[in-house]
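# Descriptive structure summary
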Amino acid sequence: MGKYDFILNSEEETEVELDETEAVAAIAYIAGAVDFAADGGIGAKVEAKFLQELISGITGEEITEEDLISLVETFQEIINDAGPGALYNTAYNALSEDMVAGAYMAACGMCVIDGDVPDEAVQFLGELQESLEITDEEAEEIRNQLVEILEEESGN
C-alpha cells in the first residue's frame, strides 16, 4: 500500500469531464501540489509558469495564463467536491495511451523545476509511474527527455 493510494488508487469520482490537455495539466497539478506541500511552498510562481509552458509543449495547445487559472479553479472545485482521487481518476480516464508519457513528464517536471525534489515527491512519482503503468525504462527515458528540455530552456 502506497502513501499516495488516497489519490492514485481512489474510487472517488466526479461528473466533470476533462479533455487530454486538461488531463495532463491535472496530473501535473497533483504532482505540483505534492511537491508544494513537501517543500513548504517554495517556487510556486516558477511552477505555475513552468506548468503553462510544459503543458503547451506536451500537448501542442497554447495555454494562456487565463487558461491555467481557469484549469486550476476547475481542479480545485473537483478536489473540494469529490477529493484529489476524483481529480486523478478523471484525468487518468481522459488520457489516451499517447499522452500517458506526457502526463508523467509533466508531473516529473513539476517536482524538479524548483531545483529541490523532496522525498515525498520522489515517492509520489514512483507511485504515479506504477499507476500509469510506465516501465522503469520508459520512466528513465521520459526523465532524460525532461532534463534535455530543461537544459535547452536554461541555455546550457
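Everything numeric in this text was worked out from a predicted model, so none of it was measured.

Within the chain, the secondary structure is distributed over eight helices and zero strands. Listing each helix as α and each strand as β along the chain from the N terminus yields α-α-α-α-α-α-α-α. On C-alpha atoms alone, the chain measures out to a radius of gyration of 14 Å, which is about the 15 Å that the 2.2 N^0.38 rule sets for 156 residues. In terms of overall dimensions, the chain has C-alpha extents of about 45 × 35 × 35 Å along its principal axes. Counting all 156 residues of the chain, 44% fall into the buried class. Across the chain, contacts joining residues at least 24 apart in sequence account for 81% of those joining residues at least 6 apart.

Our focus in this paragraph is the environment of C111. Note on placement: C111 falls in helix 6 (residues 97-112). Here C111 falls in the buried class, since its relative accessible area comes to 0%. The residues touching C111, leaving out its near neighbours within four places in the chain, are A31, D35, D116, V117, A121 and L125.

A few words on the packing of aromatic side chains. Here the structure, examined in full by the defined rule, presents four aromatic pairs. Considering the side-chain rings of Y4 and F6, the 6.3 Å spacing of their centres and the 35° angle between planes classify their relative orientation as tilted. Y4 sits in the buried class, given a relative accessible area of 7%. Ring geometry for Y4 versus F124: centroids 5.4 Å apart, planes at 90°, classification edge-to-face. Taken together, the positions of Y4 in the segment before helix 1 (5-8) and F124 in helix 7 (residues 119-131) put the pair 120 residues apart, joining distant regions of the chain. Here the aromatic cluster, defined as three or more aromatic residues joined through ring pairs, consists of Y4, F6 and F124.

The next point concerns the packing of helix 2 (residues 20-38) against helix 5 (residues 84-94). Between two packed helices, what matters for the description is the angle formed by their axes and the separation of those axes. In the contact formed by helix 2 and helix 5, the axes pass within 8 Å of each other and the chain directions differ by 140°. Classified by the angle between their axes, helix 2 and helix 5 sit oblique to one another. Considering the relative orientation of helix 2 and helix 5, their crossing is left-handed. Listed contacts from helix 5 to E20, A23, A26, I27, Y29 and I30 of helix 2 are P84, L87, Y88, A91 and A94. When its residues are assigned to classes, the contact of helix 2 with helix 5 shows ten nonpolar, no polar and one charged.

Moving on to helix 7. Between its first and last C-alpha atoms helix 7 spans 18 Å; for 13 residues at 1.5 Å apiece the expected length is 18 Å, and the two agree. Those residues of helix 7 that sit buried are A121, F124, L125, E127, L128, Q129 and S131. In this structure, the buried residues of helix 7 make contact with helix 1, helix 2, helix 5, helix 6 and helix 8 (136-154). Backbone geometry just downstream of helix 7 places E133 in the positive-phi region, at approximately 60°.

We now examine the side chain of T90. With respect to the helices and strands, the residue T90 is situated in helix 5. Overall, the relative accessible area of 12% leaves T90 in the buried class. A polar contact of 2.8 Å, which involves the side chain of T90, links it to the backbone oxygen of A86. Non-local contacts of T90, meaning those with residues more than four positions away in its chain, are made with T14, V16, E17 and L18.

Calculation notes
- Counting restarts for each chain, with residues numbered from 1 along the sequence as it is written.
- Side-chain atom pairs in this predicted model are given and counted only at pLDDT of 80 or more, local residue features only at pLDDT of at least 70, and totals for whole chains, interfaces and linings cover all residues.
- Water and hydrogen atoms were dropped before computing side-chain values, which therefore reflect all heavy atoms in the structure.
- Helix numbers and strand numbers start at the N terminus; a helix is a DSSP run of H or I with at least 4 residues, a strand a run of E with at least 2.
- Between the two quantities, the radius of gyration covers C-alpha atoms and the globule rule is 2.2 Å times the number of residues to the power 0.38.
- Note on classification: 1.4 Å probe, protein chains only; a residue is buried when its accessible area is under 20% of the maximum for its type, exposed when over 50%, partly exposed between these limits.
- Here, residues are in contact when the closest pair of their heavy atoms is within 4.5 Å.
- Geometry of aromatic contacts follows a simple scheme: Phe, Tyr and Trp rings, the Trp one being its six-membered ring, pair when their centres are within 6.5 Å, and the pair is stacked under 30 degrees between planes, edge-to-face over 60, tilted otherwise.
- Fitted lines through C-alpha atoms give the axes, limited to the stretch in contact for helices. The angle between two N-to-C directions lies from 0 to 180 degrees.
- Here the word oblique covers every angle except those under 35 degrees (roughly parallel), over 145 (roughly antiparallel) and from 65 to 115 (roughly perpendicular).
- For a crossing to be left-handed, the near helix must be turned anticlockwise from the far one by less than a right angle; the clockwise case is right-handed.
- By the convention adopted, Pro, Cys, Tyr, Trp, Phe, Met, Ile, Leu, Val and Ala count as nonpolar, Lys, Arg, Asp and Glu as charged, and the other residues, Gly among them, as polar.
- How far a helix is expected to stretch is found by multiplying one less than its residue total by 1.5 Å.
- Counting of polar contacts relies on pairs of N or O atoms within 3.5 Å, with two restrictions inside protein: one atom must be capable of donating a hydrogen and the other of accepting it, and residues adjacent in sequence are counted only when both atoms are side-chain atoms.

In short, the description is geometric, and any link to function would need to be established separately.
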